[in-house]
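Listed below are the residues making up each chain.
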Amino acid sequence: MLKKTDKQLQQIFLLRYYGYEVEEISNLLNIKPDTIYKKIQRFKEKLKKQ
């Protein structure tokens, strides 16, 4: 089962894929834009470590 943050990250990437801007995503998911950037950054760092 996915943790809540993983589920949010999945939603963020899906919305970005479909062309939504970070501002729109933050409104839809009720997350601050800088939190979205941090989540994406942490995800990229995890990928580099693998």
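Residues numbered from 1 in each chain as written. Predicted model: local features only at pLDDT ≥ 70, side-chain atom pairs only at ≥ 80, totals over all residues. Heavy atoms only, no water.

We now examine the packing of aromatic side chains. This model, assessed by the stated rule, comprises 2 aromatic pairs. On the basis of an interplanar angle of 80 degrees and a centroid distance of 5.2 Å, the ring pair of Tyr-17 and Tyr-18 is categorised as edge-to-face. On the basis of relative accessibility, which here comes to 67%, the residue Tyr-17 falls in the exposed class. Under the relative-accessibility criterion, Tyr-18 is labelled exposed at 59%. (Phe/Tyr/Trp six-rings, centres within 6.5 Å; stacked < 30°, edge-to-face > 60°. Buried < 20%, exposed > 50% of the residue type's maximum accessible area, 1.4 Å probe, protein only.)

Summary statistics for the protein chain give a mean pLDDT of 88 and a share of 94% for residues scoring 70 or more. Taken element by element, the protein chain is modelled with least confidence in helix H1 (residues 4-17), mean pLDDT 87, and with most confidence in helix H2 (residues 22-29), mean pLDDT 92. (pLDDT = per-residue confidence, 0-100. Helix = DSSP H or I, 4+ residues; strand = E, 2+ residues; numbered from the N terminus.)

Every α-helical turn comprises 3.6 residues, leaving residues that sit three or four positions apart pointing alike. The first and last C-alpha atoms of helix H3 (residues 33-49) sit 25 Å apart over 17 residues, in line with the 24 Å expected at 1.5 Å per residue. All buried positions along H3 are accounted for by Ile-36, Lys-39 and Ile-40. Projected down its long axis, H3 shows its buried positions confined to an angular sector of 95 degrees, all on one face. Away from its buried face, by an angle of more than 90 degrees, H3 presents the exposed residues Arg-42, Lys-48 and Lys-49. (Expected span 1.5 Å × (residues − 1). Arc of directions from axis to C-beta.)

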